[in-house]
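# Close look at the chain arrangement
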Amino acid sequence: MKMPAKHTGINRRARVLLPLLLAGCLPLTLFAQAEIHVTGAKITEVGIYESKVVTDQTNSVGIKLEGLDNFKLVLSTTNVPARIGITFGFRYEILGTPTNAPIILTMVTKHPPIRNLVTGQDETTDTYPLKSWIGKTYTSCSFDEKSDCVPGTWTFEVWYEGKELCEQSFGVTPDQGSR
C-alpha cells in the first residue's frame, strides 16, 4: 500500500561553508523568521485520482511513501472499489501563517486489518510524519497489492502538534469490475 505525499521543494537545504559565518548570522536569522501559526485545515476535493510517481521510499515499518506529480481528480466520490491500481484521497489546505512555511504533519490512516509484510502483524492504523507546508496540498492511498484491497471504512487524519486538523473517510467496497 502506498501512502503518497506531495513534495515540492521543502527539502531544500542551504550549505554554509564557513562555520564562523553561520555563527555570526544565526542571531540575525532568528529575528527575521516569522512565527508559524497553524489554525486548522479544510478539505477542498475528495475522490479517486490519477498521478505520476516521481519519488518513492518505504519506511521502516513497510509503508511506501511517494512523491507525486500531476495529481488529478478522476471521480469525485467517497466510495472506492477495492481494486489494484486505485488511488483515492483528498486535497486540503493547511490554514495559518506564514503561507508556505514548512511544518511537520502527522498522517494517520485507519483501515480494516491488513497484514504488514515487514512485521508480519495485522494492522489497522498507519501513522507517519510528513514534511509539508502551510497552504494547499493533498494525501492519498494506492492499492498496489491484492492484500491491500480490503473492503471497509478507511479514514485519513491530518494532525499538527497533537491537534487533529481534518479527516476524511472512504467506504471501500468489493470490486465489481473495471471503472
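Structure first, text after, so check above.
Residues numbered from 1 in each chain as written. Predicted model: local features only at pLDDT ≥ 70, side-chain atom pairs only at ≥ 80, totals over all residues. Heavy atoms only, no water.

## Observations concerning the overall build of the protein
Stated formally: A helix here means a DSSP run of H or I that spans at least four residues, while a strand means a run of E at least two residues long, and both kinds are numbered starting from the N terminus. Think of it in three bands: residues with accessible area under 20% of the maximum for their type are buried, residues over 50% are exposed, and the middle band is partly exposed, with areas taken using a 1.4 Å probe on protein chains only. Throughout, a contact is declared for two residues whenever any of their heavy atoms are within 4.5 Å. The method behind every accessible area is Shrake-Rupley, applied with a 1.4 Å probe, and residues are considered shielded solely by the protein chains displayed.
Regarding its fold elements, the protein presents one helix and ten strands. Per-residue burial for the protein yields a buried fraction of 38% across its 179 residues. Pairs at least 24 residues apart make up 73% of the contacts formed inside the protein by residues separated by at least 6 positions. Total accessible area on the protein stands at roughly 10400 Å², and carbon and sulfur atoms take up 54% of it.

## A closer look at the environment of Lys-42
Its location among the elements puts Lys-42 in strand S2 (residues 37-58). With 124 residues separating them in the primary sequence, Lys-42 and Cys-166 have C-alpha atoms 6.7 Å apart. Lys-42 has contacts with Tyr-92 and Glu-93, leaving out every residue within four places of it along the chain.

## Focus on the packing of aromatic side chains
Inclusion rule: Here a Phe, Tyr or Trp ring, Trp counted by its six-membered ring, pairs with any other such ring whose centre lies within 6.5 Å, and the pair is stacked when the planes are under 30 degrees apart, edge-to-face when over 60, and tilted otherwise.
With the rule as written, the count across this model stands at ten aromatic pairs. Centroid distance Phe-88 to Phe-143: 5.3 Å. Interplanar angle 50 degrees. Geometry classified as tilted. Separated by 55 residues along the polypeptide, Phe-88 in strand S5 (residues 87-97) and Phe-143 in the loop between strand S8 (135-142) and strand S9 (152-160) bring together distant segments of the chain. Phe-143 carries the same exposure label as Phe-88, and that label is buried. Put simply, the rings of Phe-88, Phe-90, Tyr-92, Phe-143, Trp-154, Phe-156 and Phe-170 pair up and form one aromatic cluster.

Honestly, it's all geometry; don't read function into it.
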